[in-house]
Amino acid sequence: MGNKQTIFTDEQLDAYQDCTFFTRKEILRLHGRYHELAPHLVPMDYTNEPDCKLPLALIVDMPELKENPFRSRIVESFSEDGMGNLSFNEFVDMFSVLSEMAPRELKAIYAFKIYDFNVDNYLCKEDLEKTLNKLTKEELTSEEVELVCEKTIDEADLDGDNKLSYSDFENMISRAPDFLSTFHIRI
Amino acid sequence: MSSPLDRSDSGNGFYSDQESLRLRRAPSRMSNQNYPQYNWRSNPSDDEVGNAESPRELRTLARPMAQKKALRQVQQMRMPVSTSAKSWTHNKTKSLHKLKSNFREFLYFFSLWRKSLQKIGGNFGGGVESYFLFLRFLVVLNFVSFLLIAGFVIVPSLVFRSAGTSLNSTDDGPCMKYNPNPQGLVVFYEFFLHLLSGQGFMEDSLMFYGYYNNNTAMEEGRLFYNLPLAYLFTAVFYFAFCLCCIIAHMGTAARVVVATGGSTMGNYSLIVFTGWDYGCLGDQATKLKQKNIYYRLQVDLEEERIKKQAASLTPWRRVALYSLRVLMFLISIGLIVAAFYGIFVATEFSQKNNEKTGILGLFIEYLPSMVITAGNFLVPLLCDQIALIEKYSPSVTVVVALLRAVVLRMVSLGVLLFTLWSQITCDGNTEAMDCKMCQYNVDKYPCWETRVGQEMYKLTLFDLLVTIALLVLVEFPRRMVVDNWSSKLSQLVGRQEFVVPSNVLGLVYGQTVVWTGALFCPLLPLINTVKFVFLFYCKKITLFYNCRPALKTFRSTTSTFFFLVVLLFGWILSLVVMIYSLAVIHPSMACGPFRFIPTMWQIVPNSFYSLSKVTQEFLFFIGSQAFSIPLFALSCVVMFYFIALASIYGRSVAMLKAQLKLKGHDKQFLVKQIEKMKSSSL
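Cut-offs and rules
- Residues numbered from 1 in each chain as written.
- Chains lettered and ligands numbered in written order.
- Predicted model: local features only at pLDDT ≥ 70, side-chain atom pairs only at ≥ 80, totals over all residues.
- Heavy atoms only, no water.
- UniProt positions renumbered as here; feature names shortened; annotations may be inferred.
- Helix = DSSP H or I, 4+ residues; strand = E, 2+ residues; numbered from the N terminus.
- Buried < 20%, exposed > 50% of the residue type's maximum accessible area, 1.4 Å probe, protein only.
- Contact = heavy atoms within 4.5 Å.
- Areas by Shrake-Rupley, 256 points an atom, 1.4 Å probe, with all protein chains shown as cover.
- Lys, Arg positive; Asp, Glu negative; His and termini not counted.
- Charge placed at Lys NZ, Arg CZ, Asp CG, Glu CD.
- Core = buried A, V, L, I, M, F, W, Y, C linked by side-chain atoms within 4.5 Å.

The name given to chain B in an unreviewed UniProt entry is Transmembrane channel-like protein, and the organism recorded there is Austrofundulus limnaeus. Under Subcellular location (unreviewed entry), UniProt gives the following word-for-word description of chain B: "Membrane". You can read under Sequence similarities (unreviewed entry) in the UniProt record for chain B the words "Belongs to the TMC family."

Chain A is annotated in an unreviewed UniProt entry as Calcium and integrin-binding family member 2 from Austrofundulus limnaeus.

## Describing the overall build of chain A
Along its length, chain A carries 11 helices and two strands. Mapped from its N terminus to its C terminus, chain A presents α and β elements in the order α-α-β-α-α-α-β-α-α-α-α-α-α. Counting all 187 residues of chain A, 58% fall into the buried class. Counting only contacts in chain A whose residues sit at least 6 apart along the sequence, the fraction spanning at least 24 positions is 54%. For chain A, the exposed surface amounts to about 7,500 Å²; the carbon and sulfur share of it is 49%. With 20 positive and 38 negative side-chain charges, chain A shows a separation of 5 Å between the mean positions of the two kinds.

## Here we look at the nonpolar core
Counting 104 residues, the largest nonpolar core has Tyr 131, Phe 132, Phe 134, Trp 448, Trp 515 and Leu 567 of chain B as its most contacted members. Residues in contact with Trp 448 of chain B, not counting those within four places in the same chain, are Ile 424, Tyr 440, Phe 520, Ser 581, Ile 585, His 586, Pro 587, Ser 588 and Met 600 of chain B.

## Some points on helix α6 (residues 88-97) of chain A
Residues three or four positions apart in an α-helix share a direction because the helix packs 3.6 residues into each turn. Burial of α6 of chain A is extensive: 10 of the 10 residues sit out of reach of the surface. Regarding α6 of chain A, the residues found buried are Phe 88, Asn 89, Glu 90, Phe 91, Val 92, Asp 93, Met 94, Phe 95, Ser 96 and Val 97 of chain A.

## Topic: the UniProt feature "domain: EF-hand" (unreviewed entry) in chain A
In the numbering used here, UniProt assigns the "domain: EF-hand" (unreviewed entry) feature to residues 103-138 and 144-179 of chain A. Segment residues 103-138 of chain A splits into 67% helix and 0% strand. End C-alpha atoms: 32 Å apart.

Right, dumping it as structure tokens:
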């Protein structure tokens, strides 16, 4: 195209286009959003691949994430160090998986990671209780929470170990008609 | 394609990933923990990287971005090694991908109202957004159909000057008297009356069927444009085109519905894991979303309680409940029939007294539209009250209410059309006194097609006027009253709720009217496009200023499919009308492109014989049995193949699910055995 932007080289933009579901314009726009989170920390020139990570507190302040009860878990699942510090690569990756073009399987993998609060690769009862409380802002009584968690594990657990492994989760998600449209952040 | 050696000075992280790939070393321990169990591989396998299709598959890998970029570099490095033929195909696929992504960017630019839809979806949820998406689909459909009609009918009519009613007609038979625009000078207010009722100057314009002539333009003996044939084929193709668009749109929605196999309402795991809409924006919206999820869980728990209660009912109470339901069903049928009778009487009255002029005349003209709108407004309200008595479970109540509303709207339009038909063709009896001469009621309807087109035009216009009137006179005042006057009554009534199903039915009704009238009023799709665009902005304004988000959600994916099914019903109704007008009713002799032939369809055989002999033989062959029976057999075979394939897939899915269960049990058994052995060996 004809527009001269100096943030990324053409090769880098091609790489981003191949590795994510975004077009060139969207990637540049995302860089703009990443930059405005911390204008002093984030360089405008990414041609040398600077090693710059933004902390969790800045990222969850974005308007798209601010009101999401799972915002910390989302950012932690996409960060390489598990603490929520995102480089630009991981930032783009996060919004790519949450965009509307990502396939169901990819979204399911990351959804499992997000709901797995204690990072043990299983969704146990405590994970479910935490999820439910975040969802309903702790307005359900403890018996109702207990009941819903039991019913959830009943419905989804296929191998009978009283917790949900990834295959149970994926099987249950495949029956959800709304999953693709709800697990979607518009940016 | 740069070699990786150029990047050796780029940052440490990138180079070490590359090195780790080459040396096939495992990445750091920390990142292993973050992956779900299934992905227990530290290195990508060769087949992930090798083939030319991988650019697309790279995005779907669940790996951190740095690894994906490294994989891509490895891919690109392998390129120069392959043969020239492979690299040529790879280049071609690469440029195709680039073209596709450029095209996608281009389309994105043209995507209508994208930002507004995002805002609506974020603040009010997927259900309301699906209404606006449906509205956008209809706007685009109408606009494209208008371009079709303009290209094949309107522009050629203007170019070949094959339009315009000739006031001094040379033929002067008993069926030929038709004067659409009698007075020369028109009083000013009559201009508006004519605009609203489609008479006068509007009747004598490109708008209605009567303006077009049946000249087949001949220029220098070479240019030949058979306008009547074009008119007919455009109308038929318009219907086919709309059907294709609807089915294509349905296909994408149906795929999701079929893949998920339909879902039951009381599904806790789905609510917990897919209930939260990640696209929710704003403080208000998230609070409401949380309340919504809480409400849904409560509703499901409530439904369970109701089921338990219903199962424990004594037989007498059960009989009482069922008889009450039957009674309510009969009452709702009675209400609907009463509405139909009202429409029938109003239409007859309007047609009998349409000689009156002035404001009273306008009122009588619009009487059928008013009765239909009043019926569509009142009867669902009453049916809602009935539903309260019937005490079905919440999901069944919604479906029943929707079905009643759909039946009411579609058949009320059908009653209007039936009344018109009975008056035009003297109840189908061509030997009756009025219809004997010209096969249709020539005294009342010198140009009946234009009259039908006028009725449809009036319905469309009235629908829009009522929506605007409701907006200004009911919704805005309601909000002002509720916000500024705090009393028990205003709290009870509360702010307006944007009810998706009834709004969608309004759209379907409007579109059905346009389809019915398109044959008689070629500009109607354009008017409808403008109307729907206007409606979009009106509804958006009322949504943001007057409405609160609904507490009860309407599922977005299955609802799109449902809207399209209802739209298809409307299409079938208008198709019946079109087929009947084309094939059975005698066209007006005083106006239009089909005068002098007994039915509109007759133009096709007439023009057929002017084609060349070879073409005639070919078309005869296609229509004959020697061709159509093998074609039918072949399509049956193809259909059975797809049915068999679908059942095989369904069966293998069921088998795999059972296998998964068994594997889990095996795993548990093995774990128990290991523990037993451990404890016995200690």
